[in-house]
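Here is how the chains run, residue by residue.
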Amino acid sequence: MEIQPLEDRVVIKPVEGEEKTASGIVLPDTAKEKPMKGEVVAVGEGKWDESGKNRVPVDVKVGDIVIYGKYSGTEFKSDGEELLIVRASEILAKIG
Amino acid sequence: MEIQPLEDRVVIKPVEGEEKTASGIVLPDTAKEKPMKGEVVAVGEGKWDESGKNRVPVDVKVGDIVIYGKYSGTEFKSDGEELLIVRASEILAKIG
Amino acid sequence: MEIQPLEDRVVIKPVEGEEKTASGIVLPDTAKEKPMKGEVVAVGEGKWDESGKNRVPVDVKVGDIVIYGKYSGTEFKSDGEELLIVRASEILAKIG
Amino acid sequence: MEIQPLEDRVVIKPVEGEEKTASGIVLPDTAKEKPMKGEVVAVGEGKWDESGKNRVPVDVKVGDIVIYGKYSGTEFKSDGEELLIVRASEILAKIG
Amino acid sequence: MEIQPLEDRVVIKPVEGEEKTASGIVLPDTAKEKPMKGEVVAVGEGKWDESGKNRVPVDVKVGDIVIYGKYSGTEFKSDGEELLIVRASEILAKIG
Amino acid sequence: MEIQPLEDRVVIKPVEGEEKTASGIVLPDTAKEKPMKGEVVAVGEGKWDESGKNRVPVDVKVGDIVIYGKYSGTEFKSDGEELLIVRASEILAKIG
Amino acid sequence: MEIQPLEDRVVIKPVEGEEKTASGIVLPDTAKEKPMKGEVVAVGEGKWDESGKNRVPVDVKVGDIVIYGKYSGTEFKSDGEELLIVRASEILAKIG
């Protein structure tokens, strides 16, 4: 099974229940919106620019570990995995 | 009978009541907005770019299986089939 | 009497009380916004592009049968006929 | 006395109390916003395009009979006449 | 003392308490927002276009009599005079 | 100590408690939002234009006396002075 | 561990509990939103311009001391440090 996100969308496999990550990032338990962490498993081809002739590049690639806002995107389940589709513009940073 | 969606709109035939799909996608039953799945049965020619001289390409084609937000688009019935018209920008991903 | 809609506006003569249309489209009686059907009787010349030098083409022509959102546009009566003015961007699809 | 509307604004002299017009347009008495009818008595030079070098043409001229939304524009009185200033983009159609 | 408005802003000296003006404009006493009248006493150089290389021209000049929305702009007092700063895009028309 | 505002932001040292200014501007005590007066003490380099290749010029310079909306900007204190950072687009006019 | 913010985002290490800074900036304790101070520790490559061919430069660099709105950005913890990701456009000024 393969998922091809459209435009600048990205499929992310969330990394759950991990208090202290390998890279040392700990996501805080505060009142502010907490960012989540996950691995990019599929990347769209990018949005068309305003002329409709070129696509705007997407700044992440498959395998990147990224952090993103807790309420970003749309969840779905594929082959038993909980996945998330978000727009790349909602991804805050790559870590590693 | 033929339906020609305008601009970047797409006609989708929803795939209903399918808990586990052939491709392995299971749409979750959670509090978050659940994506729906369907087959593209007609595609618009695309929106005009800002100069009005070229159309911006539409990223799906007839026959594509797509997932989209539950509350996207407008429903209608044609020859007994429940169909949906959505803008291509509201389609999250192609699967297959 | 003649009506010339401005910009990308279109005059539509609604097709009313028709449960099952010639083309087989049946508009559903559900909770979601129901699309309406009508015939295009006049078409604007199109909006100016951002340079003000060219008009963006309008994607429908007189005689097209179209579907559009129930709450789209402005109603008026001309020579005893109930008509509607909508922007072409609010028209969902052509059928036939 | 002369009024020169700015940008894409147009001065309209409303046609009031006319149930059935010469051209056959009757404005309905329904729950939806009713369009009004009037004669264009002055037209602005047009808005500047985004470069500030050219003006975008205005699609009506003095003498045109137009229909427009009931709540469009700003009323004022000049030499005893009730007039209205609206942006041309708010004018629905020319009739005649 | 001199006031130089920025961008497309204009300084207006309101004409108050004048029921019937020299030019014959009478501003109505109705429920709708009433336009006000004043004389332009200073004009900005214009907003930069999107390239930041040219300014978009301002459509009024010092000495113009203009009408504008009652709630437009910011009032201030200079040398005992009540003045108003509004953006030129909020000025409805020149009269005279 | 030096403050370099970013984009089109400007640092202003407010002129307080001055009922009648040297230039003759008196800021009124009315119900409408009252403009404030201050001296520009630092100016940003300007926002990038949409291509990201040129900056849009900022229309004020250090030493200018400006008026601005009462609720504009963000206050901070530097070396005992109360200062304000506002975007240049929020500055109404230069006076002097 | 390394964090690479996306687009025009910047990672900031807040400077906390510092009433009077080395550079003399004291952040006030008033009713208005108070700006915060911090050190830039990572900078994104910039947003793509509208053509998707060039990136718009980011106006800060690693090591810059910046002030920013109290409610800007998203907090996270990395290697025991409280960090913040904000868009560069939300940074008010560089100080030093």
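Rules used throughout
Residues numbered from 1 in each chain as written. Chains lettered and ligands numbered in written order. Predicted model: local features only at pLDDT ≥ 70, side-chain atom pairs only at ≥ 80, totals over all residues. Heavy atoms only, no water. Helix = DSSP H or I, 4+ residues; strand = E, 2+ residues; numbered from the N terminus. Buried < 20%, exposed > 50% of the residue type's maximum accessible area, 1.4 Å probe, protein only. Contact = heavy atoms within 4.5 Å. Areas by Shrake-Rupley, 256 points an atom, 1.4 Å probe, with all protein chains shown as cover. Salt bridge = Lys/Arg side-chain N within 4 Å of Asp/Glu carboxyl O. pLDDT = per-residue confidence, 0-100. Polar contact = N/O pair within 3.5 Å; in protein donor to acceptor, adjacent residues only side chain to side chain. Pairing = 2+ DSSP bridges. Patch = residues over 30% accessible without salt bridge, like charges linked within 9 Å, V, L, I, M, F, W, Y side chains within 5 Å. Lys, Arg positive; Asp, Glu negative; His and termini not counted. Charge placed at Lys NZ, Arg CZ, Asp CG, Glu CD.

Asks: Summarise the overall build of chain A; cite the residues concerned and give the values.
Replies: Broken down by element type, chain A carries zero helices and eight strands. Ordered by position in the sequence, the α and β elements of chain A form the string β-β-β-β-β-β-β-β. A total of 96 residues make up chain A; the buried ones form 48% of that total. A sequence separation of at least 24 residues applies to 66% of the contacts in chain A between residues at least 6 apart. Surface accessibility of chain A: about 4400 Å² in total, with carbon and sulfur atoms responsible for 47%.

Asks: Kindly report on the pattern of salt bridges, identifying the contributing residues and their values.
Replies: Here the structure, examined in full by the defined rule, presents 49 salt bridges over all chains. Put simply, Asp-8 of chain B and Arg-87 of chain B hold a salt bridge, and the shortest N to O gap is 2.6 Å. Taken together, the residues Asp-8 of chain B in the loop between β1 (3-5) and β2 (9-14) and Arg-87 of chain B in strand β7 (residues 81-87) connect sequence positions 79 residues apart. With its nearest N and O atoms 4.0 Å apart, the salt bridge here joins Arg-55 of chain D to Glu-45 of chain D. Here Arg-55 of chain D is found in the loop between β4 (35-43) and β5 (65-69), whereas its partner Glu-45 of chain D is found in the loop between β4 and β5, with 10 residues between them in sequence. Look at Arg-55 of chain D and you get partly exposed, because its relative accessible area is 23%. Via salt bridges that share partners, Glu-7, Asp-8 and Arg-87 of chain A belong to a single interconnected network.

Asks: Account for the confidence of the model for chain A, naming residues and giving values.
Replies: Residue and element names in this part refer to chain A. Per-residue pLDDT for chain A averages 86, and the proportion of residues at 70 or more is 80%. Averaged pLDDT values for the elements of chain A fall to 62 in strand β3 (residues 25-26) and rise to 97 in strand β2 (residues 9-14). The ipTM value of the predicted complex is 0.82, and its pTM value is 0.83.

Asks: With reference to specific residues and values, describe the environment of Val-56 of chain G.
Replies: Looking at where Val-56 of chain G falls in the secondary structure, it is placed in the loop between β4 (35-43) and β5 (65-69). Expressed as a C-alpha distance, the spacing of Val-56 of chain G and Gly-44 of chain G, which sit 12 residues apart in the sequence, is 11 Å. Apart from residues lying up to four places away in sequence, Val-56 of chain G is in contact with Trp-48 and Gly-52 of chain F together with Glu-45, Gly-46, Lys-47 and Asp-49 of chain G.

Asks: Quick rundown of the side chain of Asp-8 of chain C? Include the residues and the values.
Replies: Residues and elements named next belong to chain C. Residue Asp-8 is classed as buried on the basis of its relative accessible area, which comes to 11%. Only 2.6 Å separates the side chain of Asp-8 from the side chain of Arg-87, close enough to count as a polar contact. Excluding anything up to four places from it in sequence, Asp-8 contacts Gly-46, Lys-47, Val-58, Val-86, Arg-87, Ala-88 and Ser-89.

Asks: So what's going on with the pairing of strand β5 (residues 65-69) of chain F? Residues and values would help.
Replies: Residue and element names in this part refer to chain F. Counting buried residues in β5 gives four out of five residues, a clear majority hidden from the surface. Relative to strand β8 (residues 91-95), β5 runs antiparallel, the two being bridged by four bridges. Bridge pairing links Val-66 to Lys-94 in β8.

Asks: Can you lay out the environment of Lys-47 of chain D for me, pointing to particular residues and giving the numbers?
Replies: Residues and elements named next belong to chain D. If you trace the backbone, Lys-47 turns up in the loop between β4 and β5. Classification of Lys-47 by relative accessible area gives partly exposed; the value is 38%. In this structure the C-alpha to C-alpha distance between Lys-47 and Pro-57, which are 10 residues apart in sequence, comes to 7.8 Å. Beyond its immediate chain neighbours, meaning those up to four positions away, Lys-47 contacts Glu-7, Asp-8, Asn-54, Arg-55, Val-56 and Arg-87.

Asks: A description of unusual backbone geometry should follow, citing residues and the corresponding values.
Replies: Phi angles above zero are rare outside glycine, and Asp-79 of chain B is one such case at about 50°. Among the structural elements, Asp-79 of chain B can be located in the loop between β6 (74-78) and β7.

Asks: Help me get a handle on a negative patch on the surface, residues and values and all.
Replies: Side chains of Glu-50 of chain A, Glu-50 of chain B, Glu-50 of chain C, Glu-50 of chain D, Glu-50 of chain E, Glu-50 of chain F together with Glu-50 of chain G sit close together on the surface and give a patch of like negative charge. Inspection of the secondary structure puts Glu-50 of chain C in the loop between β4 (35-43) and β5 (65-69).

Asks: Kindly report on the pairing of strand β5 (residues 65-69) of chain A, identifying the contributing residues and their values.
Replies: By the bridge criterion, five bridges tie strand β4 (residues 35-43) of chain A to β5 of chain A in an arrangement that is antiparallel. Bridge pairing in β5 of chain A places Glu-39 of chain A opposite Ile-65 of chain A.

Asks: Talk me through the side chain of Glu-7 of chain B; I want residue IDs and the actual numbers.
Replies: Assignment of secondary structure puts Glu-7 of chain B in the loop between β1 and β2. Contacts of Glu-7 of chain B, omitting those with residues within four sequence positions, involve Gly-44, Glu-45, Gly-46, Lys-47, Val-58 and Arg-87 of chain B together with Asp-59 and Ser-89 of chain C.

Asks: Kindly report on the environment of Ile-65 of chain A, identifying the contributing residues and their values.
Replies: Residue and element names in this part refer to chain A. Position of Ile-65 relative to the elements: it lies in strand β5. Here Ile-65 falls in the partly exposed class, since its relative accessible area comes to 27%. Spatially, the C-alpha atom of Ile-65 lies 10 Å from that of Ile-91, the residues being 26 residues apart in sequence. Dropping the residues within four chain positions of it, Ile-65 is found in contact with Lys-37, Gly-38, Glu-39, Ala-93, Lys-94 and Ile-95.

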